[in-house]
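# Structural description and commentary
Residue-level listing of the chains:
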Amino acid sequence: MIYSTATVPVNPEGETKLTREQVWKGLELKARDARLFLPPGLCTRCDVVEESDTHFVREATIAGSDIREIITLEPQSKVTFFQATGPREGAIINELLEDEAGALQLKFYCYLGLRGKEADGPEEQAEQTQFDSDKGYKSALLSTLKRTRELLAEGRL
């Protein structure tokens with residue numbers, strides 16, 4: 001089982017200040033179309049194929065893998081991506097919260113396994129190392145905030 005977590009401040013010094021509402025709009029956009037937030041070419045397809053009052057389903061091709069995710073939104077707070085099909089099974093969560101001082105934070109955490117691979121085997125251990133590295137999900141959080149600022153500046157948020 002893979003467990004990884006990272007938390008970054010939403011408004012570090014020197015960056016355009018984002019409100020909770022603006023970050024939330026960015027997270028919603030990312031959930032609906034990852035192509036807007038991932039590096040060019042990494043996500044080649046991302047379609048919402050089903051929608052209800054409690055969740056929506058998206059099908060995407062990311063890094064060459066076809067995935068189907070059930071996504072729930074807890075407004076202004078949390079987006080949960082349940083991995084229904086694809087190389088991983090489990091959940092990926094993006095949560096917007098405040099630290100003890102009231103500063104806005106963006107947190108990522110996941111509980112995942114790799115389908116068809118040995119639990120805690122070499123493939124899962126390699127994935128764990130990647131997730132926990134500087135190029136892992138902390139980097140993804142920072143790029144999400146950067147892209148949210150760009151969309152805000154373009155008037156698209």
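Please refer to the structure placed before this passage.
Residues numbered from 1 in each chain as written. Predicted model: local features only at pLDDT ≥ 70, side-chain atom pairs only at ≥ 80, totals over all residues. Heavy atoms only, no water.

### Observations regarding the pairing of strand β1 (residues 2–9)
Look at any regular strand and the pattern is simple: side chains alternate between the two faces of the sheet. Only one face of β1 is covered, namely the one carrying Ile-2, Ser-4, Ala-6 and Val-8; the face carrying Tyr-3, Thr-5, Thr-7 and Pro-9 has none of its residues buried. Both β1 and strand β7 (residues 104–114) contribute to a ladder of eight bridges, which runs antiparallel. Pairing of Thr-5 across the sheet is with Tyr-109, part of β7. (Buried < 20%, exposed > 50% of the residue type's maximum accessible area, 1.4 Å probe, protein only. Helix = DSSP H or I, 4+ residues; strand = E, 2+ residues; numbered from the N terminus. Pairing = 2+ DSSP bridges.)

### Quick notes on the nonpolar core
In this structure, Val-10, Val-23, Val-79, Leu-106 and Leu-145 are the most contacted members of the largest nonpolar core, which totals 24 residues. No other element matches β7, which puts six residues into this core. Ala-34, Cys-43, Ala-60 and Ile-67 belong to the second largest nonpolar core, which has five residues in total. (Core = buried A, V, L, I, M, F, W, Y, C linked by side-chain atoms within 4.5 Å.)

### Description of helix α1 (residues 20–32)
For α1, which comprises 13 residues, the first-to-last C-alpha distance of 18 Å matches the rise-based estimate of 18 Å (1.5 Å per residue) to within 8%. For α1, the complete set of buried residues consists of Val-23, Trp-24, Gly-26, Leu-27, Lys-30 and Ala-31. Looking down the long axis of α1, one finds its buried residues gathered within 160 degrees of arc, a one-sided arrangement. Buried residues belonging to α1 abut β3 (56–62), β4 (65–74), β5 (78–85), β6 (88–98), β7 and α3 (137–153). (Expected span 1.5 Å × (residues − 1). Arc of directions from axis to C-beta. Contact = heavy atoms within 4.5 Å.)

### Quick look at the sheet that holds β4
The seven strands are arranged β1-β7-β6-β5-β4-β3-β2 in an open sheet whose pairing can be described as antiparallel. Across the chains shown, the open sheet's two edge strands, defined by having one partner strand only, are β1 and β2 (43–51). Averaged over all neighbouring strand pairs, the angle between strand axes comes to 20 degrees, with direction disregarded. Contacts from helix α2 (residues 122–132) reach β1, β6 and β7 within the one sheet, and its direction differs from that of β1 by about 5 degrees. Set on the sheet, α3 makes contact with β1, β6 and β7; between it and β1 the angle comes to about 40 degrees. (Axes fitted to C-alpha atoms, helices over the stretch in contact; angles between N-to-C directions.)

### Structural notes on the side chain of Lys-78
Looking at the element boundaries, Lys-78 is found in strand β5. Here Lys-78 occupies a buried position and makes no salt bridge, while the nearest side chain of opposite charge, Glu-74, is found at 4.3 Å. Beyond its immediate sequence surroundings of up to four residues, Lys-78 is in contact with Trp-24, Thr-72, Leu-73, Ile-93, Asn-94, Glu-95 and Tyr-109. (Lys, Arg positive; Asp, Glu negative; His and termini not counted. Salt bridge = Lys/Arg side-chain N within 4 Å of Asp/Glu carboxyl O.)

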